[in-house]
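Chain by chain, the residues:
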Amino acid sequence: MKILTTAAVMVLSLSLFAQTGKRPLPIEDKGMDAYLRSRKTPELKITIINKPPSLNETKVKYTTVHLGSSTQVAHYTTLDNNGRALIKMNENLPYQQVWLTVEGYLYTGILVNTDLEVVIDAAAVKKQAYIYESGISFKGTDAALNEALCKRVLYKKEQGDQLSSRLVQVSIDAANKKIAPTSFVMLADSIYMAMKQIDDGYINGHPGYDWAVRNATASEFYGWVIGALGQRDSATAPLYKKALAHTPYFMSNEGVGFYRNLSQLYASMFDKTIPALQDLLYLKYPTYTNVQKAVLDSIKKYESSEMENKTSVLKNLYARRYTLLKDDVLMAYLEQSLQRIEKSSSAPQSDILKLALMEQGKDFFDASFPVLLRSMKTGWTKQAVETELSAFTASRKEVQQLFKSATSVKKDDYFIGKPVANLPFGAVLYKLDSIDQIDRFISNLRSKFNGKALVIDIWATWCGPCIADITNSKKLHEDSKNLPVEYIYLCTTSGSDEETWKNRIGTLKPAGTHIFINEELENAFRKKLNADGGYPTYIVIDQKGNISSDRFSFMSELNREKLAEVTGLK
């Protein structure tokens with residue numbers, strides 16, 4: 001009976017896929033499990049024709065978009081002697097977006113579902129092509145869709161970029177309550193109408209993939225709208241309803257962003273039927289020490305009191321609770337998020353939204369991932385968690401072994417922190433808790449690396465863009481080894497701990513000087529160098545001592561030549 005049921009589901013899923021014509025099966029369709037089991041792993045081919053003799057070993061970076069502990073995962077390969085590369089996708093996801101860079105020839109975003117070949121005519125591409133230009137063509141099953149969507153990206157691009165930026169800004173303002181819900185709804189609606197007008201103009205000249213173009217735009221729009229709306233009220237209810245009814249077709253930045261924001265919305269919804277954090281922690285009360293019990297009891301007392309200084313006292317107590325009961329607090333937050341998502345949606349959608357919680361739980365994955373896994377009912381989402389759990393476990397073992405083999409750091413007269421470790425891949429770690437003057441720290445940095453320009457990266461272990469850009473920084477470092485530049489990574493203690501910091505470095509393996517800096521010292525350092533802002537923040541100190549915090553925004557903007565320019569070496 002079980003075999004017959006499985007076969008019936010598979011036939012149904014294939015039937016559903018066929019009935020949609022050119023349209024893909026939505027990732028949250030109940031037939032997706034069976035559909036994925038019946039299909040082959042997608043392939044991406046890269047071919048350069050009319051290739052020059054120097055083409056061999058040309059570097060290829062392909063960054064895949066997915067649901068899980070991170071939104072994007074970077075991979076690397078090279079072209080062979082014939083100017084070719086064959087990439088078998090790591091995940092068997094339908095219409096997965098890949099951001100592809102063929103060094104010196106092409107940067108583009110594509111969707112890989114069955115098979116796609118990207119053909120680059122080296123004779124026609126005089127400089128690195130962007131998205132889809134003369135000399136770039138597609139072949140294979142996925143070719144026509146990619147051509148249509150790439151051309152859409154370039155169609156009225158300046159106007160489209162301005163609308164996207166406006167959408168982001170008004171959504172952030174609404175989320176931060178800088179504009180009223182009614183005003184946000186009106187502004188968002190006007191932006192969406194303008195975005196759809198651009199789509200209409202493109203579709204009139206390029207019929208055939210209107211469904212794909214409109215779905216991509218809707219995913220971008222509703223993803224930001226969901227992030228801005230928060231709790232539902234009478235003013236936002238109609239827009240809220242439309243946003244929740246949207247279903248992305250593609251595993252793209254926009255599609256994954258929609259699901260991540262929806263997950264965050266549901267996970268943060270207030271529901272009095274779900275146990276509060278204190279209640280969940282009290283379930284383990286008998287296992288705690290007297291100090292831990294005292295903090296919980298103090299919070300309980302002050303939360304029910306009417307004292308004037310209640311807010312400031314509770315803020316300190318909450319921070320103390322996090323320090324003493326970090327693992328239990330994090331697991332309680334995760335349990336609350338799971339319950340809220342399950343009350344707001346049903347599988348398969350709820351299981352997809354749970355994949356986004358992996359980012360919240362990745363620093364204690366050995367406890368959080370199994371909990372997520374047990375809560376899931378959908379086969380392919382379970383496999384996604386199992387795959388990451390296995391990879392994280394192997395990575396932790398590697399990092400532990402790495403620090404076992406670390407050597408001591410030699411002390412010198414230029415104090416920039418307490419030496420922690422000297423790792424085999426060229427990373428030297430320090431911890432800076434205190435220093436008498438921040439001027440001394442800056443002076444010591446310059447003296448310690450005399451004759452070098454300094455590129456300083458201020459980052460946080462919980463900052464996704466920071467971690468993604470460290471990968472770019474690592475590559476830039478490797479490509480510019482002969483330049484007199486020192487890479488200095490200042491990781492804030494805010495929201496993190498030393499163990500997490502060391503694990504991040506051990507996993508990413510960026511060479512350079514790494515300093516785990518006290519939050520107050522970090523703020524003083526920022527103020528001294530006029531480097532206010534979020535994470536990451538980049539500061540350049542050139543060989544002459546000139547300081548700038550606005551030379552570039554991300555490491556991904558730089559190559560060897562631009563690095564020499566921003567550091568004053570050119």
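Residues numbered from 1 in each chain as written. Predicted model: local features only at pLDDT ≥ 70, side-chain atom pairs only at ≥ 80, totals over all residues. Heavy atoms only, no water.

Asks: Help me understand the overall build of the protein chain in this model?
Replies: Broken down by element type, the protein chain carries 20 helices and 16 strands. For 570 residues, the compact-globule formula gives about 25 Å, and the C-alpha radius of gyration of the protein chain, at 26 Å, lands near that figure. Projecting the C-alpha coordinates of the protein chain onto the three principal axes gives extents of approximately 65 × 65 × 50 Å. Buried positions account for 48% of the 570 residues belonging to the protein chain. (Helix = DSSP H or I, 4+ residues; strand = E, 2+ residues; numbered from the N terminus. Rg over C-alpha atoms; globule rule 2.2 N^0.38 Å. Buried < 20%, exposed > 50% of the residue type's maximum accessible area, 1.4 Å probe, protein only.)

Asks: I keep staring at the environment of L277 and nothing clicks. Help me out?
Replies: Take L277: it is sitting in helix α9 (residues 277-282). Taking C-alpha positions, L277 is 34 Å from I470, a pair spaced 193 residues apart along the chain. Here L277 is in contact with R321, V329, A332, Y333 and Q336, once residues within four sequence places are set aside. (Contact = heavy atoms within 4.5 Å.)

Asks: Hey, could you run me through the sheet that holds strand β16 (residues 547-548) in this one?
Replies: Strand-to-strand pairing in sheets goes through backbone hydrogen bonds, with the strands running parallel or antiparallel. Pairing is mixed across the open sheet formed by 7 strands, whose spatial order is β10-β11-β14-β13-β12-β15-β16. The strands lining the two open edges of the sheet, one partner per strand, are β10 (418-422) and β16. Where strand β13 (residues 485-492) and strand β14 (residues 512-517) come together, 5 bridges link them in parallel fashion. If you follow Y489 over to β14, its bridge partner there is H514. Sitting on the sheet, helix α17 (residues 464-479) touches β12 (453-459), β13, β14 and β15 (537-541), and the angle it makes with β13 is about 165°. (Pairing = 2+ DSSP bridges. Axes fitted to C-alpha atoms, helices over the stretch in contact; angles between N-to-C directions.)

Asks: Teacher, can you tell me more about the sheet that holds strand β2 (residues 59-65) here?
Replies: Read from one edge of the open sheet, 5 strands run β3-β2-β5-β6-β8, paired in mixed fashion. The open sheet has two edge strands with one neighbour each: β3 (72-78) and β8 (129-130). Strand direction decides the pairing type here: β2 and strand β5 (residues 96-102), joined by 5 bridges, are antiparallel. Residue Y62 lies in a different strand from β5, and its bridge partner there is L100. Together, β6 (106-112) and β8 form the strand contacts of helix α3 (residues 143-154), whose direction differs from that of β6 by roughly 130°.

Asks: I tried to follow the state of the cysteines on my own but got confused; where do I start?
Replies: Here a disulfide denotes a covalent bond joining the sulfur atom of one cysteine to the sulfur atom of another. Within the structure shown, the criterion is met by 1 disulfide. A sulfur-sulfur distance of 2.3 Å marks the disulfide that ties C463 to C466. Measuring handedness by torsion sign, the sulfur bridge of C463 and C466 sits at about 80° and is right-handed. A single burial state applies to C463 and to C466, both of which are buried. No disulfide involves C491; its nearest neighbouring cysteine sulfur is the one of C466, lying 8.5 Å away. (Disulfide = S-S within 2.5 Å.)

Asks: Even after reading the chapter, I still don't get the packing of aromatic side chains, so can you show me in this structure?
Replies: The geometry of two aromatic rings is summed up by the distance between their centres and the angle between their planes. Taken as a whole and assessed by the stated rule, the structure comprises 21 aromatic pairs. Here Y95 and F250 contribute two aromatic rings whose centre-to-centre distance is 5.8 Å and whose plane-to-plane angle is 55°, an arrangement assigned as tilted. Taken together, the residues Y95 in the loop between β4 (84-88) and β5 and F250 in the loop between α7 (237-245) and α8 (253-268) connect sequence positions 155 residues apart. Taken as a pair, Y95 and F250 share a single burial class, namely buried. (Phe/Tyr/Trp six-rings, centres within 6.5 Å; stacked < 30°, edge-to-face > 60°.)

Asks: Before we go on, may I ask you to explain helix α6 (residues 210-229) in this structure?
Replies: Since one α-helical turn is 3.6 residues long, residues separated by three or four positions face the same way. Helix length check: α6 (20 residues) gives 28 Å between terminal C-alpha atoms against 28 Å at 1.5 Å per residue, within 8%. Where burial is concerned, most of α6 is hidden: 15 out of the 20 residues are buried. (Expected span 1.5 Å × (residues − 1).)

Asks: So what exactly am I meant to see when it comes to a nonpolar patch on the surface here?
Replies: A cluster of nonpolar side chains, namely Y107, Y130, V153 and L154, defines an oily patch on the protein surface of about 300 Å² accessible area. Mapped onto the secondary structure, Y130 falls in strand β8. According to the relative accessible area criterion, Y130 is partly exposed, its value standing at 34%. (Patch = residues over 30% accessible without salt bridge, like charges linked within 9 Å, V, L, I, M, F, W, Y side chains within 5 Å. Areas by Shrake-Rupley, 256 points an atom, 1.4 Å probe, with all protein chains shown as cover. Salt bridge = Lys/Arg side-chain N within 4 Å of Asp/Glu carboxyl O.)

Asks: Where do I start with the side chain of S350 in this structure?
Replies: Along the chain, S350 turns up in helix α13 (residues 349-361). Among the polar contacts made by the side chain of S350, one reaches the main-chain amide nitrogen of A347 at a distance of 3.0 Å. Excluding residues within four positions of it along the chain, S350 makes contact with I341 and S345. (Polar contact = N/O pair within 3.5 Å; in protein donor to acceptor, adjacent residues only side chain to side chain.)

Asks: Quick question: what am I supposed to make of the pattern of salt bridges here?
Replies: Two side chains of opposite charge can pair, provided their charged atoms sit close to one another. Enumeration over the complete set of coordinates arrives at 21 salt bridges. The shortest N-O distance in the salt bridge between D328 and K284 comes to 3.0 Å. You can see D328 sitting in helix α12 (residues 326-344) and its partner K284 sitting in the loop between α9 and α10 (290-303), a full 44 residues away along the chain. The closest approach of N and O atoms between E486 and K452, which form a salt bridge, is 3.1 Å. Here E486 is found in strand β13, whereas its partner K452 is found in the loop between α16 (438-448) and β12, with 34 residues between them in sequence. Owing to a relative accessible area of 34%, K452 belongs among the partly exposed residues under this scheme. Residues joined in a network through salt bridges with shared partners are K59, E103, K475 and D479.

Asks: Would you take a moment to explain the nonpolar core for this structure?
Replies: Nonpolar side chains in soluble globular proteins generally cluster together in the buried interior. Judged by nonpolar contacts, the single largest core of 57 residues is most densely connected at F184 and W380. Excluding anything up to four places from it in sequence, W380 contacts I27, M32, D33, L36, L67, L93, I352 and L355. L508, F552, L558 and L563 belong to the second largest nonpolar core, which has 32 residues in total. (Core = buried A, V, L, I, M, F, W, Y, C linked by side-chain atoms within 4.5 Å.)

Asks: Sorry, what's going on with helix α4 (residues 157-175) here?
Replies: With 19 residues, α4 extends 27 Å from end C-alpha to end C-alpha; this agrees with the ideal 27 Å at 1.5 Å per step. Of all the positions in α4, only G160, L163, S164, L167, V170, S171, D173 and A174 are classed as buried. Those residues of α4 that are buried lie in contact with α5 (181-205) and α6. Just downstream of α4, K177 is the residue with a positive phi angle, here 60°.

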